[in-house]
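Chain by chain, the residues:
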Amino acid sequence: MSENWEYGFDTLQIHAGARPDPATGARQVPIYQTTAYVFRDADHAAALFNLQEVGYIYSRLTNPTVAALAERIAALETGEGAVCCSSGHAAQIMALFPLMTPGKNIVSSNRLYGGTVTQFSNTIKRFGWDATLVDTDNLGAVKGAIDEDTRALFCETIANPGGYITDLDAMAKIADEAGIPLIVDNTTATPYLCRPIEHGATLVVHSTTKYLTGNGTVMGGAVVDSGDFDWSASDKFPSLSQPEPAYHGLKFHETFEHLAYTFHSIAIGLRDLGTTMNPQAAHYTLMGIETLSLRMDRHVQNAMKVAEWLEKHPAVEEVTYAGLKSSPWFDRVEKIVPRGAGALFTVALKDGFDACVKLVDSLELFSHVANLGDARSLIIHSASTTHRQLTAEQQVAAGAAPNVVRLSIGLEDADDIIADLAQALEKAAVPGKPTSTRAPGTPTTAISSAKS
Ligand SMILES: *Cc1c(COP(=O)(O)O)cnc(C)c1O
């Protein structure tokens, strides 16, 4: 199915990677709840273990349900191949693993998911890897940070949490000139709003936990390879270009060509890191992904309405939604995310940290959780939660200052979302300050008792 690249997005999100089950004809992708697969005979087993034949050995490496999802995500991202992982963070480690050895570094945007800042600034150092975080709007700084030990450039399409949109084409050009791959975390845009490979990215990573699943049920991640990078053009990527001792001196790039990176990620990455997605998780994500385009359109519509309303509210200092004309990134929407700037943005309140805490505690329809990309509207005060481990400067750089809350706008009625924010902002207002006035156009719809 994914062989047919002519199908439109709506068709691919339902069909790519799925074929009627050869044993039963089952139309939906079955949950292959098995750890192992019977070899036809000893020769078959040997061929599989030598990577001479593609097939199923053990579910740490591959599983048919997970494989269907990987193929679907690859098709939606216009990639050559993909690997699913146990979480978005696992996907990031998996993405770097074939590229890195001790002493090597990556250059990354400083506008990142809070957990990624921590992963890059602290945890990867234990592998002997390093990361330099820079402002990706300063192209000179990005170029200047790349040295002979740099093995990748990393950024997010729509940066979490600040609603910043990265100029992916500019990043791809710099990566290309340096002979290194551009890795784009496309979690908050999804392939419906942006396909980074079309802007020159080599690898795309996802937390499938978010919009791809879309209902807050399962953790997962994915790494998609464009198949376009020449791993043998320099001596920078020996894992892909040089003989692999664990496979009798096989050279991944020479043997698997466009699929070298994907095969390496399965045969070495999943085999030895064990960051495998389980088939139940793949099933939930396959269900969710079938409606991705429909959901993203509604997420964007709702986010636009809510952001416009919030921007006019007297208690609000700033709304960072790139879909708003006031956003410094508004001009990039047309180029990078023409179908809309996503549904994740931050709101700065004039009354600071305490007002944010009160707002979060007063909301009824919104859930206060450390997640995003759910059908439900979600809120979090980043400075006291997800971005808590960061220094004050890192918090501000990541768009998570103390007076800022992050909203992930869900699929409820926009009027209900706005009414909930209206009543909570009123409660959060400091008494005596004029910020408590009801903003013009506030709907009076009663909030349902959907307190979560
Ligand atoms: C959530 C998230 C991650 C991490 O994904 P997990 O599935 O939670 O491990 C990485 N990047 C972005 C942009 C995210 O939103």
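Residues numbered from 1 in each chain as written. Predicted model: local features only at pLDDT ≥ 70, side-chain atom pairs only at ≥ 80, totals over all residues. Heavy atoms only, no water.

Student: I'd like to hear about the pairing of strand β8 (residues 203-207), residue by residue, with values.
Tutor: Across the five residues that make up β8, a large majority, five, are buried. Because side chains alternate across β8, one face comprises the buried residues Leu 203, Val 205 and Ser 207, and the other comprises Val 204 and His 206, equally buried. Pairing of strand β7 (residues 182-185) with β8, which is carried by three bridges, proceeds in the parallel orientation. Paired with Ile 183 across the strands is Leu 203, a residue of β8. Looking at chain direction, β8 and strand β9 (residues 221-225) are connected through five bridges and run antiparallel. If you follow Leu 203 over to β9, its bridge partner there is Asp 225. (Buried < 20%, exposed > 50% of the residue type's maximum accessible area, 1.4 Å probe, protein only. Helix = DSSP H or I, 4+ residues; strand = E, 2+ residues; numbered from the N terminus. Pairing = 2+ DSSP bridges.)

Student: Account for the domain arrangement of the protein chain, naming residues and giving values.
Tutor: When its domains are assigned, the protein chain resolves into domain 1 (9-289) and domain 2 (293-450). Put simply, the middle of domain 1 and the middle of domain 2, counted by C-alpha atoms, are 31 Å apart. In this complex, domain 1 contributes 41 residues to the contact, which on the side of domain 2 involves 41 residues. With both sides pooled, the region where domain 1 packs onto domain 2 buries about 3,200 Å², and carbon together with sulfur makes up 57% of that total. (Domains from an automatic or database assignment. Contact = heavy atoms within 4.5 Å. Buried area = accessible area lost by both parts, 1.4 Å probe.)

Student: Could you give an account of the site of the ligand, with specific residues and numbers?
Tutor: Near the ligand you find 16 residues, and of these Gly 88, Asp 185, Ser 207, Thr 209 and Lys 210 are the closest. Contact distances for the ligand include 2.7 Å between an oxygen atom and a side-chain N or O atom of Thr 209. Interatomic distance of 2.7 Å between a side-chain N/O atom of Lys 210 and an oxygen atom of the ligand. Considered on its own, the ligand offers 380 Å² of accessible surface; in the complex 94% of this is hidden by protein. In the shell around the ligand, the residues fall into three nonpolar, ten polar and three charged. (Near = heavy atom within 4 Å. Polar contact = N/O pair within 3.5 Å; in protein donor to acceptor, adjacent residues only side chain to side chain. Areas by Shrake-Rupley, 256 points an atom, 1.4 Å probe, with all protein chains shown as cover. Nonpolar A, V, L, I, M, F, W, Y, C, P; charged D, E, K, R; others polar.)

Student: For helix α11 (residues 260-273), give the residues involved together with the corresponding values.
Tutor: Ile 266 marks the point of greatest bend in α11, at about 30°. Within α11, ten of the 14 residues are buried, leaving the element largely enclosed by the surrounding structure. Three or more residues of α11 are buried, namely Ala 260, Tyr 261, Thr 262, Phe 263, His 264, Ser 265, Ala 267, Ile 268, Gly 269 and Leu 270. Immediately beyond the C-terminal end of α11, within one or two residues, lies Gly 274, with a positive phi of roughly 70°. (Bend = angle between axes of the 7 residues up to and from the residue.)

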